[in-house]
Amino acid sequence: RAGTGGCSASEEQRMKVLLLSCSTGEGHNHCARAVQEALDARGVTTEFADLLHMFGGNTGPLAFDKVLNRISSATPGVFGAMYRAGEVYSATGITSPVYLANTRYAEKLGEYLSAGGYDAVVCSHLFPMETLTRLRKKGGCRAKCYGVLSDYTCIPFLAETDLDGYFLPHEAVRNACIEAGMDAARLTVTGMPVGTVFREPLTKQEAREALGLPQEKRIELIMTGGIGCGDAMALCDAIRRFPDPDTLLCVLPGKNEELRAALNRTYPDGVLTVPFTDRVATYMRAADVLLSKAGGISSSEAAVCEVPLVHTMVIPGVETQNAEFFAAHGMSCFATQPAEAARFADRLVFDRAAADRMLAAQRACVPKDGAERIADAVMQDRTDQTVPPAGTKE
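Please read all numbers here as calculations on a predicted model, not as lab measurements.

Undergrad: Can you tell me about the overall build of the protein, naming the residues and giving the values?
TA: Summing up its helical and strand segments, the protein has 18 helices and 12 strands in all. Burial status across the protein gives 54% buried among its 394 residues. A sequence separation of at least 24 residues applies to 69% of the contacts in the protein between residues at least 6 apart. Of the roughly 16500 Å² of accessible surface on the protein, a fraction of 54% belongs to carbon and sulfur atoms.

Put into structure tokens, the structure is as follows:
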């Protein structure tokens with residue numbers, strides 16, 4: 001097999017892993033799915049689940065993930081204030097309301113893991129990490145438990161979780177986690193997990209042919225995330241301030257159909273809007289430059305695709321830190337205003353040397369095999385069927 005552990009093929013087939021996410025944005029799901037894909041390729045039996053949908057109940061528009069997504073897309077400033085408050089609270093070391101809120105799922109999750117006979121659980125979101133922490137403190141979890149950090153910073157409340165191991169995207173993030181009080185022995189730098197579709201060899205010409213996009217035009221791709229965040233209208237206005245018939249703006253508004261309709265009304269020509277799609281990798285490959293919000297996973301996917309990147313429409317908080325990290329390492333340009341984003345995009349389109357330097361930085365900083373590294377680590381450290389020691393933090 002393509003791993004480093006000592007299990008035989010038959011033993012690997014018997015291993016069973018649960019991937020836990022939360023649908024507060026598509027990035028967390030992409031993260032878990034990428035690890036699942038790598039485990040599946042190694043013969044492991046896997047299951048993907050959304051913690052809140054499993055045990056929190058899907059209460060329609062009042063579901064917590066939907067409320068959080070609406071705050072992110074409609075009032076990003078409020079989300080930023082919430083994030084800053086979380087940072088301040090997390091620094092106190094006092095058990096957080098986030099932990100307490102997620103403890104209510106612990107008993108049900110424990111029963112689910114026991115009934116399913118899972119050897120390991122891999123979480124791509126803080127909420128299930130908090131739930132598993134509670135379960136482990138009570139001695140109710142025989143499976144190995146892992147967290148995957150899907151942003152380029154130590155997020156608030158991560159340090160209060162207590163899992164067997166954590167997989168991190170970069171050494172600088174590991175240092176930040178250690179500074180926050182986390183056990184260095186449990187922190188492994190693997191790179192961000194990215195699905196194989198973002199690594200498939202596909203030329204720009206092939207991608208455009210597959211999507212029916214013009215070969216002769218410059219294509220600037222605008223991505224607003226799965227829930228359609230940011231002021232894409234203002235960004236289109238800035239880019240089209242001086243209309244260029246040789247440039248096509250291609251906008252992926254995610255699941256935000258109101259935004260898509262508004263764009264279609266405002267820009268009947270020169271702007272192509274795309275309904276929610278699973279062909280993001282192909283659109284990235286087709287683009288001359290990508291202008292995107294700064295999700296940790298989507299930014300990593302862009303880097304793996306090697307597309308010149310401008311971070312813009314950033315939701316205050318963790319996305320600001322993601323954008324700052326990428327810009328500091330030369331992997332993107334970070335624009336705080338639409339006009340600045342338009343200037344950065346022009347530079348990356350017309351200055352080939354600048355674009356090439358950015359792509360080289362992406363190749364140097366973002367491993368393409370993060371998901372495989374995580375899968376191998378989970379398999380090598382498979383459970384010994386003993387109850388892990390209870391944590392020391394409550």
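Undergrad: Break down the sheet that holds strand β6 (residues 187-189) for me, citing the residues and quoting the values.
TA: The strand order β2-β1-β3-β4-β5-β6 describes an open sheet built from 6 strands, whose pairing is parallel. Two strands close off the open sheet at either side, each with one partner strand: β2 (45-50) and β6. Here the average twist between neighbouring strands, direction ignored, is 20°. In this structure, strand β4 (residues 144-148) lies alongside strand β5 (residues 165-168), joined through 3 bridges in parallel fashion. The residue of β5 that forms the bridge with Tyr 146 is Gly 165.

Undergrad: Describe in detail the pattern of salt bridges, supporting the description with residues and values.
TA: Per the stated rule, a full pass over the model turns up 18 salt bridges. Note that Glu 372 and Arg 199 form a salt bridge whose closest N and O atoms lie 3.1 Å from each other. Taken as a pair, Glu 372 in helix α18 (residues 370-380) and Arg 199 in the loop between β6 and α10 (204-211) lie far apart in primary sequence, 173 residues in all. Taking relative accessible area as the criterion, Glu 372 reaches 16% and is therefore assigned buried.

Undergrad: For the packing of aromatic side chains, give the residues involved together with the corresponding values.
TA: Going through the model one piece at a time under the given rule, you end up with 6 aromatic pairs. Seen in terms of ring centroids, Tyr 112 and Tyr 118 are 6.0 Å apart; in terms of plane orientation they differ by 15°. Their pairing is stacked. Cation over ring: Arg 33 sits above Phe 48, and NZ or CZ is 3.7 Å from the ring centre. Above the plane of the ring of Phe 276 lies Lys 255, whose end atom (NZ or CZ) is 4.9 Å from the centre.

Undergrad: Explain the sheet that holds strand β11 (residues 309-311) to me, using residue names and the numbers behind them.
TA: Taken together, the 6 strands give an open sheet; going across it, the order is β9-β8-β7-β10-β11-β12, and neighbouring strands pair in parallel fashion. With one partner strand each, in any of the chains shown, β9 (271-273) and β12 (333-334) form the two edges of the open sheet. Both strand β10 (residues 289-292) and β11 contribute to a ladder of 3 bridges, which runs parallel. Bridge assignment links Leu 291 to a residue of β11, and that residue is Val 310. Against the sheet, helix α11 (residues 232-239) contacts β7 (218-223), β8 (247-252) and β10, and its axis sits at roughly 160° relative to β7.

Undergrad: Summarise the pairing of β7; cite the residues concerned and give the values.
TA: Judged by how many residues are buried, β7 sits mostly within the fold: 5 of 6 residues are covered. Where β7 lies against β8, 6 bridges are found, and the strand directions are parallel. Note on β8: the bridge partner recorded for Met 223 is Leu 252. Across 4 bridges, β7 lies against β10 in parallel orientation. Looking across to β10, one finds that Met 223 is bridged to Ser 292.

Undergrad: Help me get a handle on the packing of α11 against helix α16 (residues 338-350), residues and values and all.
TA: Taken N-terminus to C-terminus, the directions of α11 and α16 make an angle of 55°; their axes are 8 Å apart at the nearest point. Considering the angle they form, α11 stands oblique to α16. In the packing of α11 onto α16, the handedness of the crossing is right-handed. Where α11 approaches α16, its residues Ala 234, Leu 235, Ala 238 and Ile 239 are matched on the opposing element by Pro 338, Ala 339, Ala 341 and Ala 342.

Undergrad: Mind laying out unusual backbone geometry, listing which residues take part and the relevant values?
TA: Of note in this structure, Glu 306 is not a glycine but carries a positive phi near 60°. Along the chain, Glu 306 falls in the loop between α14 (296-305) and β11. Relative accessible area serves as the criterion here: at 26%, Glu 306 is assigned to the partly exposed category. Phi is positive for Met 313, which is not a glycine, with a value near 55°. Positionally, Met 313 belongs in the loop between β11 and α15 (318-328).

Undergrad: I'd like a rundown of the packing of helix α7 (residues 106-116) against helix α8 (residues 126-137), residues and numbers included.
TA: Two elements in contact, α7 and α8, have axes whose closest approach is 9 Å; the angle formed by their N-to-C orientations is 80°. One finds that α7 runs roughly perpendicular with respect to α8. Here Ala 106, Leu 109, Gly 110 and Leu 113 of α7 come into contact with α8, specifically with Thr 131, Leu 132, Arg 134 and Leu 135. Considering only residue class, the contact of α7 with α8 consists of 5 nonpolar, 2 polar and 1 charged.

The rules behind these values
- Residues numbered from 1 in each chain as written.
- Predicted model: local features only at pLDDT ≥ 70, side-chain atom pairs only at ≥ 80, totals over all residues.
- Heavy atoms only, no water.
- Helix = DSSP H or I, 4+ residues; strand = E, 2+ residues; numbered from the N terminus.
- Buried < 20%, exposed > 50% of the residue type's maximum accessible area, 1.4 Å probe, protein only.
- Contact = heavy atoms within 4.5 Å.
- Areas by Shrake-Rupley, 256 points an atom, 1.4 Å probe, with all protein chains shown as cover.
- Pairing = 2+ DSSP bridges.
- Axes fitted to C-alpha atoms, helices over the stretch in contact; angles between N-to-C directions.
- Salt bridge = Lys/Arg side-chain N within 4 Å of Asp/Glu carboxyl O.
- Phe/Tyr/Trp six-rings, centres within 6.5 Å; stacked < 30°, edge-to-face > 60°.
- Lys NZ or Arg CZ within 6 Å of the ring centre and 35° of its normal.
- Parallel < 35°, antiparallel > 145°, perpendicular 65-115°, else oblique.
- Left-handed = near helix turned anticlockwise from the far one by under 90°.
- Nonpolar A, V, L, I, M, F, W, Y, C, P; charged D, E, K, R; others polar.

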